[in-house]
Amino acid sequence: REVGELSILDIAVYVLIAEVASLSIDNLDRSFVLSIVPIIVLYAIQYLNAVVILKNKRLRDVVDGDPSIIIRNGLIVEDVMVKQRYNLDDLFQQLRENQVSSIQSVAYAFLEPSGKLSIFLKDAEPFILPLIVDGYVDKKHLKLLNRSEEWLEQELRKQHILNVKDIFYACYENDSLYVQLKSRATKG
């Protein structure tokens, strides 16, 4: 389960660290410093990657992946399943694991980058889609809500917000736009 939550780069770095450490153990004649330097370099690469990904949403989506809608309004989205190489047996298993007996009772089911299925039932409280995350507009979520970027810009202007890059998080909830500015935007 824990491995499913790691990014591909994290897994690759950890495997490489293990390999370098095993090579060091195999060759006891080698200096300890020469054995530890590659491990430190790999750790530094992983750390820098984590910092960069934390700051850049687009890069984070490329490296870590983006959730995919597998079920929308009780209908399975076949082309997304094919694209994700996700079969019906996997879908049914995860529905059973979440005690969902009918696909028709599902409003939305998202296949997360970790491989888990997030399910929102039709009769449950509606889920909230983020429209802006870290200064980036999520066009897919706007489309799901049948809203345009022009509508979003208009709503932001009503709240006297002119630059999307100043927004940390924004969502549409209870027929209104909720916006949280980045802390550095509120200080300046």
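Everything in this summary refers to the structure shown in the same document.

Rules of the game
- Think of each chain on its own: its residues are numbered from 1, step by step along the sequence as written.
- Residues qualify for local features only when their pLDDT is at least 70, as the model is predicted, and side-chain atom pairs are given and counted only at 80 or more; totals for whole chains, interfaces and linings, by contrast, use all residues.
- The side-chain quantities take in all heavy atoms of the structure and omit both hydrogens and water.
- Runs of H or I in DSSP of at least four residues are treated as helices and runs of E of at least two as strands, each being numbered from the N terminus.
- Two things to know: the radius of gyration comes from C-alpha atoms, and the globule rule equals 2.2 Å times the number of residues to the power 0.38.
- Only protein chains enter the calculation, and the probe is 1.4 Å; a residue is then buried if its accessible area is under 20% of its type maximum, exposed if over 50%, and partly exposed in between.
- Any two residues whose heavy atoms approach within 4.5 Å at even a single point are treated as in contact.
- Accessible areas in this description were obtained via Shrake-Rupley with a 1.4 Å probe; residue shielding takes into account the shown protein chains only.
- Only Phe, Tyr and Trp rings are paired, with Trp represented by its six-membered ring, and only when their centres lie within 6.5 Å; those with planes under 30 degrees apart are stacked, over 60 edge-to-face, the remainder tilted.
- DSSP-based pairing: two strands are paired if at least 2 bridges between them are found.
- As a rule, the C-alpha atoms of each element are fitted with a line to give its axis, helices using only the stretch in contact, and angles between N-to-C directions run from 0 to 180 degrees.
- Each patch is built from residues lacking any salt bridge and having more than 30% relative accessible area; the joining distance is 9 Å for like charges and 5 Å for nonpolar side chains (Val, Leu, Ile, Met, Phe, Trp, Tyr).
- Definition used for salt bridges: Asp or Glu carboxyl oxygen within 4 Å of a side-chain nitrogen of Lys or Arg.
- Definitions used throughout: a 1 Å grid over protein atoms alone; a cavity as a set of points that fits a 1.4 Å probe which cannot get out; a pocket as an open set with protein on both sides within 12 Å along at least five of seven lines; a lining residue as one with an atom within 4 Å of a point.
- Grid points are joined across faces, edges and corners, and a volume is the space filled by probe spheres set on the points.
- When residues are grouped by polarity, Ala, Val, Leu, Ile, Met, Phe, Trp, Tyr, Cys and Pro land in nonpolar, Asp, Glu, Lys and Arg in charged, and all others, Gly among them, in polar.
- Here roughly perpendicular refers to angles of 65 to 115 degrees, roughly parallel to angles under 35, roughly antiparallel to angles over 145, and oblique to all remaining angles.

1. A closer look at the overall build of the protein chain
When helices and strands are counted, the protein chain shows eight helices and eight strands. Relative to the compact-globule value of 16 Å for 188 residues, the protein chain shows a C-alpha radius of gyration of 22 Å, a clear excess of over 25%. Dimensions of the protein chain, computed from the C-alpha atoms along their principal axes, are close to 70 × 50 × 25 Å. Taking all 188 residues of the protein chain together, the buried fraction comes to 31%. Residue pairs in contact within the protein chain that sit at least 24 positions apart in sequence constitute 45% of those at least 6 positions apart. When the accessible surface of the protein chain is totalled, it reaches about 13000 Å², and 56% of it is carbon and sulfur.

2. Some remarks on the packing of aromatic side chains
A full pass over the atoms with the stated rule returns four aromatic pairs. Measuring from centroid to centroid gives 6.3 Å for Tyr108 and Phe110, while their planes differ by 20°, and the two rings are stacked. Summarising the burial analysis for this pair, Tyr108 and Phe110 share the class buried. Look at Trp151 and Tyr172: their rings are 5.1 Å apart centre to centre, the planes differ by 85°, and that puts the pair in the edge-to-face class. Separated by 21 residues along the polypeptide, Trp151 in helix H7 (residues 149-158) and Tyr172 in strand E7 (residues 167-173) bring together distant segments of the chain. For the pair Trp151 and Tyr172, a shared accessibility class is recorded, and that class is buried.

3. Re the pairing of strand E4 (residues 117-121)
Relative to E4, strand E3 (residues 106-111) is paired through five bridges, and the arrangement is antiparallel. When the sheet's bridge partners are listed, Ala109 is paired in E4 with Ile119. Counted between consecutive antiparallel strands, the loop separating E3 from E4 contains five residues, among which Gly115 sits at a positive phi close to 95°.

4. Quick look at the sheet that holds E3
Across the sheet, four strands lie side by side as E2-E1-E3-E4; this open sheet has antiparallel pairing. Among the strands making up the open sheet, the edge pair consists of strand E2 (75-76) and E4. As judged from the two bridges shared by strand E1 (residues 68-72) and E2, these two strands associate in the antiparallel manner. By the bridge assignment for E2, Arg72 is matched with Leu75. The sheet strands contacting helix H5 (residues 88-97) are E1, E2, E3 and E4, and the helix crosses E4 at an angle near 60°.

5. Describing a nonpolar patch on the surface
Taken together, the side chains of Val33, Val37, Val41 and Ile45 define a hydrophobic patch exposed on the protein surface, amounting to about 320 Å² of accessible area. Its location among the elements puts Val37 in helix H2 (residues 32-55). For Val37, a relative accessible area of 41% corresponds to the partly exposed category.

6. Quick notes on the layout of surface pockets
Quantified by volume, the largest pocket comes out at close to 720 Å³. Taken together, 27 residues make up the lining of the largest pocket; nearest its centre are Asp66, Pro67, Ser68, Lys140 and His141. Elements with a contribution of two residues or more to the lining of the largest pocket: helix H3 (57-64), E1, helix H4 (78-83), strand E5 (130-133) and helix H6 (139-144). No other element matches the four residues that H6 contributes to the lining of the largest pocket. Residues that form the lining of the largest pocket fall into these classes: twelve nonpolar, four polar and eleven charged.

7. Things to note about the pattern of salt bridges
Across all of its chains, the model carries three salt bridges by this definition. Among the ionic pairs, Glu149 bridges to Lys139, the shortest N-O distance being 3.8 Å. Here the residue Glu149 occupies a position in helix H7, and Lys139 occupies one in helix H6, the gap between them amounting to ten residues. Taking relative accessible area as the criterion, Glu149 reaches 31% and is therefore assigned partly exposed. We note a salt bridge from Glu153 to Arg157, for which the minimum N-O separation is 3.9 Å. Of the two residues, Glu153 and Arg157 are both situated in helix H7; the distance of four residues between them amounts to about one turn of the helix.

8. Observations regarding the packing of H2 against H3
It is the contact of H2 with H3, at a shortest axis distance of 6 Å, that shows an interaxial angle of 120°. It follows from the interaxial angle that H2 and H3 lie oblique. Every residue of H3 that contacts H2 at Val52, Ile53, Leu54 and Lys55 is listed here: Lys57, Leu59, Arg60, Val63 and Asp64. The residue makeup of the contact of H2 with H3, split by class, is five nonpolar, no polar and four charged.

Function cannot be inferred from these measures alone, as they are strictly geometric.
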